[in-house]
Every structure is written in structure tokens, then in C-alpha cells.
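# Coordinate inspection notes
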Amino acid sequence: MNTPVPVATSKPWITGAEPPFIRISKVTKRFGDFYAVDDVSLDIYKGELFCLLGGSGCGKSTLLRMLAGFETPTEGRIEIDGQDMAGKAPYERPTNMMFQSYALFPHMTVEKNVAYGLYRDGMKKAEAMEKVAEMLRLVQLTPFASRKPHQLSGGQRQRVALARSLVKRPKLLLLDEPLGALDKKLREETQFELIKIQESLGVTFIVVTHDQEEAMTLASRIGVMNAGQIVQVGEPPEIYEHPNSRFVADFIGSVNMFEGRVTEDEPDYIRLGVADLGGSIYVGHGVSCVLDQQLWYAVRPEKIRISRTRPDKTENVFRAVVDEIAYMGNISIHRLKLPTGRLLSATKANLTRHDDEAITWGDEVWVTWDDTAGAVLTR
Amino acid sequence: MRRNVWLPAFVILGFVFLYAPILSLIVFSFNESKLVTVWGGFSTKWYGELLRNPQILSAAWISLKVAVTSATLATVLGTLAAFVLTRFGPFKGRALLTGMSAAPLVMPDVITGLSLLLLFVAMEQLIGWPAGRGMTTIIIAHTTFCMAYVTVVAQSRFASLDESLEEAAMDLGARPARVFFDVTVPVIAPALVAGWLLSFTLSLDDLVVASFVTGPGASTLPMVIFSKVRLGVSPDINALATIIIAIVAVGVGIATWQMRRGARKNGG
Ligand SMILES: Nc1ncnc2c1ncn2[C@@H]1O[C@H](COP(=O)(O)OP(=O)(O)OP(=O)(O)O)[C@@H](O)[C@H]1O
Ligand SMILES: [Mg+2]
């Protein structure tokens, strides 16, 4: 698939070439003695499409609502475009929000819904209507301009909500699970539309989602949240290939996780003794650790190769029996049982339509992965 | 499956019990004869008679003015009370306000009427307003107890209102007062219409409270009917009652319809 590239191609978070557009520093939100958001610091740059990703109840919406001004931080400071947001009401902020429930005004037509924000800025009717028409064209809703929200489908409502939040050209657009209510196909289409719109308008987006695929598709960077804290921030490949903790590795995609102890610690490699494997894992790069330290090793299913014949190498080679195969169309997920009883999953692309030689249930196979295929995790 | 035989029978019995008196009243309002209990053929002459009775016409006019004014006042005040009760979170005196705003619902009319009368008399002595009793005092009294009904209806609507609608309006640049009139009020409008109609019919119906707080020259329709009936039921009263029933039925019907429609359209 040909992913459109978000606007922020220059990657200021690496180069440091420009100051961050949004600065969240040490923000905490307590409800009673419950920490909904716990000491979060985050810099987001102009033109980014930043995804906040995390499980249910981890504080994503609360963080977003603090940016929009619906909640006040218990502690910490939020700056947007160099301005401190403390004490600023939602109607004074340069942000707009697209609500999870869309929150369309049920008594107004699509056109009036979209125009509402423009009128609040005191825009004249003719000018407002022009902008509304342009916006409706962008989200392909021109024929529905005079309908009421309850006469629209879920996907159309979602586009009205998007148009309404974009029409004022906010400096920052906050989207709370914007595609939550859509079916898979519409969701994928809309994801690409979102990126296209974001590109053409150059608005900074913060998107909340708990769908990791969505985050991967959309984001310039992803912030993974857990229990009110940001656990890792990075570009999608970085988050996927270099998770910094078991939580992130586990949360994004699927993973085979092994617990082991360091048995050899050299500058250019380490070796982990893993009881689950009945052997050891060879890691082909140095890791700062000490002998006998407990570490975790995460390797993704697609990095594991399965074969009937013994691979031509000595490290990271194990025997296994095919326990189950789940056919997914484009790939097949093989569940493999090691002699220790530990299960392992490995995916294989279905490159041909039919394969007589294919590995099937009960086959004895060899599994292996490259010595740089997995991530060593300390927490 | 014996129940299926008995169920309709009970339903019919219930309806007969509820509506037979009203039905007979409506039927006899079209009676030709002057004797209330003897059928003398169909006629609409008592309706004509009504229109030529200045006492009834003026009472009807007063009742209508009282009902419209107090329903409107009650709707405004009740909506505000409900808004405060559902939106302002816990504040000092909240429990008291909740209790007080619902009190007239359970208070016997006689007590409401009497206490209001005492209040009006005391106020007249202290601040000279309301000067004497009449339409103004009836309106105030009706507003008081109608407001309680509006508060209850509006409160449940506010509670089920999606707050993100108001947040969305604020997010788009509307100040709180704007949000209230642009979004909150229109969305809960069906409940408000229902509350208004309910208040209107309650005010139109009321005899007891109005009798307590009225003064010379301000007789409402129920008061006129009551005093006429004491001298013996005449057929023109049947006609009048039929008209009132029709108005009340239409009012309640529209109120119910509005509430249903509101619940459906806004997803409750
Ligand atoms: N007004 C509130 N009072 C008390 N607790 C709250 C309040 N709002 C949110 N919380 C709590 O804060 C935590 C974070 O809520 P939040 O809505 O931010 O979660 P989320 O990450 O958006 O989850 P989801 O993916 O389910 O939407 C939850 O445990 C929630 O119960
Ligand atoms: Mg949420």
C-alpha cells in the first residue's frame, strides 16, 4: 500500500530545527485520588499527525480534553504555539475537537452544523456559506447539505463532524477516536482521506485511538499510553521494531516474548539462557546489562522462519511441531509447539495460491530467526 | 390461555370505569332537553347559549390569560431550576432546592392555597405588593406549583442530554450563555413544550388554589362552574365541560407526542 506521507517530513523531533508547537510539561490530572493522567510531558511539532495510543481507560481522552480546555490540569503546564493555556476557556483556544460521539447538533442541518463555528467568529453569512460549501466538497457531502444529522449514515455523520471541526482552520485539531464507529473498509478509506486532508490544510492533528493498526497507518509519531503515563514516543516503525518495554511490545502487534538471563555479555553480542526454549538466544549486538541479569526478548511472528530442513546456521535454531494453522488470506499464522511445551507463533506469507509442499498440522519443523530480529527489553 | 379471555375484559372494564362519566357528560352536552338526565334529542343549542353568557365568557378569558401566563413563567423558571440542579454539581443548598422544587407536587392543594394566601396578605402589609388579590395572585400561585412539574420534566431531559453537544458548541467558540440558547434549549425544546402544555392544563383545571388566592372580580372558569353547579347542574355546563375536556385532551396529547418525539430524535 502506498502510504501518503504526513506533512512533517522534516522530522523536527529529531533535528530540533524548530521549537515544539505544543508543549505539555509535567501534566497531571487527578480525579479524587485517582491519577487519570500522571506526569505526562510531550512535545508535538507543527504539521504533525500525532497518535495517542493506549488501552481503554488509560487517560487518552482526559489528556485530549485538557488540551481542548474541558478539563483543567491538576498540575503542570500546557502551551500551544507559545501561549500558556492555563485559565483559557475552550472558546478562547486555537483548537477544535472532533468528538468520539460526533456531537452533531441534532436540530441543525449539516450546513448549519458546519457553519456554527464560523458565525461564532462573527463571519458574514455569504463568506461563511462559501467556506462551508468548500468544506463540504472536501468531505464529499455537498448533496447532503440540507439534511439533519439523524438522516445520515454513520460514516456521513463522521464526515460532518470532521468538516465542522476543520472549517475554522484551527491551529490544532483534536480527534477522539474519530473512526471508532466505522466498519473496517470505510475506516481504511477514511484514514487515507484524513491524511490527505491533513496534508492539504497543514493543520496539526492529535488523534486518539486504541486501534494500533490505525495509529500505524495515520501517525507521524505515536505516543503509547498506559495507566495515565506516556510509555514510549516514536515513529511507527520505531515503536514497532524497537519497543522500549514489554507493555509496548505486547500492545503493538503480536509478539513472542521470552524471559531469560544473561549468560554471556560481550561488547558485540550477548547470550540469553531461556528456560522456555530449552536453549539460548543469541543477540547479535551489545546490550548494556550485567551477567545473570533478568531480561526479556521479544520477537515478532513475521520474523520467524519455518522450514522442514535444518537451516544452515547454529544460533537461534529450534525444533518444533506445527500445532495449529490459522489461514488469514494474505498470511497464515502457524502456532508451533516447542519440545518444552512452549507455544510460538510465526506467520508466513501465502505467496502462491496453492502449495502441495506446504507445511501442515503435525509436521516436524525447524524454526529460526536472525540474531537481530528481536528486541531485548529490560522492563 | 384463559388469561387472554380475561385480559381484554378487564381492560374494557377499566376504561368504562375511567371514561363513562366523561362520555355521559359529552353525550348530554348535546341534549335538546333542559333536564340534565332526560334525553330530548340532539342539539348544539347549549354551546350557543354559552357564547351568550357574559359571566362564563369573562371567566374563560381570565382562565386563559392565567393559564398562558403562568405556564410560560413556570416553563422559564422550571427550566432554570432544572438546569441548575443537573449541571452545577454539588453546591450548598442543593438538597434543599431539590426538595423545595418538588414539594408542590405532593403538597395538598388546600395547603398550597392557604399558605400562598397567608403569604400574599403578609406581603401586602409589608411591602404593599401584590395590592389586593386577583388575577396577579392567581398567576403567581399557579406558577409556583406548575414550575414543580416543569422542573421534573426538564430535569430528566437535562440528565439524558449528551453533554458533548454543549462542549462542541463551546469548542466552536460559543460562550456559555450562547451555548444554552443555541444548543441546550433547542435540543430539550420538546420537553419544554410538554412542560408548558402540562402547566397550561394544570392551571386551567385548578379550582382549590385559585379559590384561596383570588379576589373580587377575578373568577376563573372552574370557579364559575363550581358555583353554578351548586345551584343545580344545567346543560350549558355540560357543554362548557366538554369544551374544556377537548382542550385538555389536545394539550396532553401534544405534550405526550412531543416528549416521545424528543426522546426518539435525540436518542434519549
Ligand atoms: N470526570 C471523571 N471523574 C472521575 N474519573 C474520571 C473522570 N473522567 C475520567 N475518569 C477516569 O479516568 C480514566 C481515564 O479516562 P479516559 O476517558 O481518559 O480514558 P481513555 O483512555 O480515553 O479510555 P477509552 O479508550 O475507553 O476512551 C478512567 O479510568 C476514567 O474512569
Ligand atoms: Mg476515550
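Reading the values: the criteria
Residues numbered from 1 in each chain as written. Chains lettered and ligands numbered in written order. Predicted model: local features only at pLDDT ≥ 70, side-chain atom pairs only at ≥ 80, totals over all residues. Heavy atoms only, no water. Domains from an automatic or database assignment. Contact = heavy atoms within 4.5 Å. Buried area = accessible area lost by both parts, 1.4 Å probe. Salt bridge = Lys/Arg side-chain N within 4 Å of Asp/Glu carboxyl O. Polar contact = N/O pair within 3.5 Å; in protein donor to acceptor, adjacent residues only side chain to side chain. Helix = DSSP H or I, 4+ residues; strand = E, 2+ residues; numbered from the N terminus. Nonpolar A, V, L, I, M, F, W, Y, C, P; charged D, E, K, R; others polar. Buried < 20%, exposed > 50% of the residue type's maximum accessible area, 1.4 Å probe, protein only. UniProt positions renumbered as here; feature names shortened; annotations may be inferred. Lys, Arg positive; Asp, Glu negative; His and termini not counted. Core = buried A, V, L, I, M, F, W, Y, C linked by side-chain atoms within 4.5 Å. Patch = residues over 30% accessible without salt bridge, like charges linked within 9 Å, V, L, I, M, F, W, Y side chains within 5 Å. Areas by Shrake-Rupley, 256 points an atom, 1.4 Å probe, with all protein chains shown as cover.

What follows covers the domain arrangement of chain A. All names here are of chain A. On domain assignment, one finds that chain A holds domain 1 (20-250) and domain 2 (255-377). For domain 1 versus domain 2, the distance between C-alpha centres works out to 39 Å. On the side of domain 2, 9 residues touch domain 1, which itself brings 9 residues to the contact. Summing both partners gives a buried area of about 750 Å² for domain 1 against domain 2, and 55% of it is carried by carbon and sulfur. Three residues stand out in domain 1 for area buried against domain 2, namely Y240, R246 and A249, and they jointly supply 66% of the buried area on that side. At the junction of domain 1 with domain 2, the criterion picks out 1 salt bridge. A salt bridge links E241 to K303; its shortest N-O distance comes to 3.2 Å. Remark: the boundary between domain 1 and domain 2 carries 4 residue pairs in polar contact (both at pLDDT 80 or more). Of all the secondary-structure elements, those providing two or more residues to the side of domain 1 that touches domain 2 are α8 (236-241) and α9 (246-251). For the side of domain 1 that touches domain 2, a count of residues per class yields 4 nonpolar, 2 polar and 3 charged.

Where charged atoms from two side chains of opposite charge come close, those side chains can pair. Per the stated rule, a full pass over the model turns up 28 salt bridges over all chains. A:R65 is the partner of B:E167 in a salt bridge, and the nearest nitrogen-oxygen pair spans 2.8 Å. A residue pair is termed interchain when its members come from two chains, as with B:E167 in helix α7 (residues 163-171) and A:R65 in helix α2 (residues 60-68). There is no split in this pair, since B:E167 and A:R65 are both buried. Note that A:D370 and A:R305 form a salt bridge whose closest N and O atoms lie 3.3 Å from each other. Of this pair, A:D370 sits in the loop between β19 (364-368) and β20 (375-377) while A:R305 sits in strand β15 (residues 305-307), and the two are 65 residues apart along the sequence. When its relative accessible area of 35% is taken as the criterion, A:D370 is described as partly exposed. When its relative accessible area of 42% is taken as the criterion, A:R305 is described as partly exposed. One salt-bridge network, in which partners are shared between bridges, spans A:R65, A:E71 and B:E167.

Bringing the UniProt feature "transmembrane region" (unreviewed entry) in chain B into the picture now. All names here are of chain B. With numbering aligned to this structure, UniProt lists the feature "transmembrane region" (unreviewed entry) at residues 6-28, 62-85, 105-123, 135-159, 179-200 and 237-257. Taken as a whole, residues 6-28 contains 100% helix and 0% strand, while its terminal C-alpha atoms sit 32 Å from one another. Overall, residues 179-200 shows 100% helix and 0% strand. The separation of its end C-alpha atoms is 28 Å.

All names here are of chain A. Examined against the element boundaries, D176 turns out to sit in strand β7 (residues 172-176). There is no salt bridge for the buried D176, and the closest opposite charge comes from R65, which lies 6.8 Å off by N-O distance. Among the polar contacts listed, one links the side chain of D176 to the side chain of S61, at a separation of 3.0 Å. In this view, D176 contacts S61, L64, M97, M98, F99, Q100 and V208; residues no more than four positions away in its chain are not counted.

In terms of nonpolar packing, the biggest core is built from 48 residues, with A:I22, A:L52, A:F105 and A:I206 touching the most fellow members. Top element by residues in this core is helix α8 (residues 176-205) of chain B. It accounts for 6 residues. The contacts of A:I206, once residues within four sequence positions are left out, are A:I22, A:I44, A:F50, A:L52, A:L64, A:L67, A:L172, A:L173, A:L174 and A:L175. In this structure, A:L104, A:L182, A:V203 and A:L218 belong to the second largest nonpolar core, which totals 45 residues.

In this section: a nonpolar patch on the surface. Residue and element names in this part refer to chain B. A surface patch of nonpolar side chains, amounting to about 730 Å² of accessible area, comprises L7, V11, F15, F17, L18, Y19 and I22. Structurally, L18 is set in helix α1 (residues 3-29). L18 gets classed as exposed once you look at its relative accessible area, which sits at 51%.

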